[in-house]
Amino acid sequence: MNRTVKYRIAAVVSAVLCLLVAWAVSAYESVRISTIEGDIKTVTVSNDSAMALIDSVEKRGKAGFVAAVHDSRQEQVEFLNLIRTVADQNHVRLTRWTSATANSVSTPANISPELKAQLSAIMPSCNQISVCGSYGELRSFLAALVKVDRLVVVGHLKWTRNAKPPDESLMFNITRFVSKI
């Protein structure tokens, strides 16, 4: 074999080797880029959930719950769905629901006019609810109801036993607060 043929073979082999090295480097970088893109998506989702959590904490305020919800067509439906969800989680049957809106929140005389104006925009909405279940289920239902993130006032409880021994009935008033602003 003469020298020229050796150089040609060496040139072809080195070109093929260069192409293989370039392909390997680009494949490695492609895998690395897809890993980085996956990490970016994970961080973005985590960041979005953290921002939603921050927004919910800011909405709740210092007390840790939402004091009044804006009055809308869906407000009562959303509240009833909340009650139904709590009832389902505690295996309690919701047997009756009535709703009545009170006139306004009573305000003390010695508060500032700004605070008085804010309080005048809040309406209490009273609901009478009847639920049925065992003693333990009703008790856990009330405990879970008091822990919801919305301000509710539970009162006028009437606990009665049903004709069927494990079941008991609970009738109570629950007041939520709705803002006109």
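What comes next concerns the included structure. All values derive from a computational prediction rather than experimental measurement.

Side note on the nonpolar core
So, point 1. One finds Ile83, Val131, Phe141, Leu145, Phe172 and Ile174 to be the most contacted residues of the largest nonpolar core, which totals 16 residues.
So, point 2. Put simply, the parts of the chain that give this core at least two residues each are α2 (75–89), β3 (122–133), α4 (135–146) and β5 (168–179).
So, point 3. Those residues in contact with Leu145, other than ones at most four positions away along the chain, are Ile83, Val86, Val152, Val154, Phe172 and Ile174.

Some remarks on the pairing of strand β4 (residues 152–161)
So, point 1. Of the strand pairs in this sheet, β4 and β5 are connected by eight bridges, and their pairing is antiparallel. Paired with Val152 across the bridge in β5 is Arg176.
So, point 2. Connecting β4 to the antiparallel partner β5 that follows it, the hairpin turn spans six residues.

Describing the packing of aromatic side chains
So, point 1. In this structure the tally under the stated criterion is three aromatic pairs.
So, point 2. Between Phe141 and Phe172, the aromatic rings sit 6.2 Å apart at their centres with planes inclined by 55 degrees, giving tilted as the arrangement. Of this pair, Phe141 sits in helix α4 while Phe172 sits in strand β5; the two residues are 31 residues apart in sequence, bridging distant segments of the chain. Here Phe141 and Phe172 have matching classes, each one buried.

Notes on the pattern of salt bridges
So, point 1. Evaluation of the coordinates by the stated rule reveals four salt bridges.
So, point 2. Between Asp167 and Arg93 there is a salt bridge; the shortest N-O distance is 3.1 Å. Here the residue Asp167 occupies a position in the loop between β4 and β5, and Arg93 occupies one in strand β2 (residues 93–101), the gap between them amounting to 74 residues.
So, point 3. Given the relative accessible area of 42%, Arg93 is considered partly exposed.
So, point 4. What you see here is one network of salt bridges that share partners, running through Glu75, Arg150 and Arg176.

Brief notes about a nonpolar patch on the surface
So, point 1. On the surface, Val5, Ile9, Val12, Val13, Val16, Leu17 and Leu20 cluster together to form a nonpolar patch covering roughly 590 Å² of accessible area.
So, point 2. Position of Leu20 relative to the elements: it lies in helix α1 (residues 3–60).

A short note on α2
So, point 1. Between its terminal C-alpha atoms α2 stretches 21 Å, which fits the 21 Å expected from 15 residues at 1.5 Å a residue.
So, point 2. Glu75, Phe79, Leu80, Ile83, Val86 and Ala87 are the residues of α2 that are buried. One face of α2 carries all of its buried residues, which in axial projection span an arc of 130 degrees. The outward face of α2, more than 90 degrees from its buried face, is lined by the exposed residues Asp88 and Gln89.

Things to note about the side chain of Ser130
So, point 1. Within the secondary structure layout, Ser130 lies in strand β3.
So, point 2. Taking relative accessible area as the criterion, Ser130 reaches 9% and is therefore assigned buried.
So, point 3. When sequence neighbours within four positions are dropped, the list of residues in contact with Ser130 reads Arg93, Leu94, Thr95, Arg96, Leu170 and Met171.

Thresholds applied
- Residues numbered from 1 in each chain as written.
- Predicted model: local features only at pLDDT ≥ 70, side-chain atom pairs only at ≥ 80, totals over all residues.
- Heavy atoms only, no water.
- Core = buried A, V, L, I, M, F, W, Y, C linked by side-chain atoms within 4.5 Å.
- Buried < 20%, exposed > 50% of the residue type's maximum accessible area, 1.4 Å probe, protein only.
- Helix = DSSP H or I, 4+ residues; strand = E, 2+ residues; numbered from the N terminus.
- Contact = heavy atoms within 4.5 Å.
- Pairing = 2+ DSSP bridges.
- Phe/Tyr/Trp six-rings, centres within 6.5 Å; stacked < 30°, edge-to-face > 60°.
- Salt bridge = Lys/Arg side-chain N within 4 Å of Asp/Glu carboxyl O.
- Patch = residues over 30% accessible without salt bridge, like charges linked within 9 Å, V, L, I, M, F, W, Y side chains within 5 Å.
- Areas by Shrake-Rupley, 256 points an atom, 1.4 Å probe, with all protein chains shown as cover.
- Expected span 1.5 Å × (residues − 1).
- Arc of directions from axis to C-beta.

Read these as layout, nothing more, since geometry by itself doesn't imply function.
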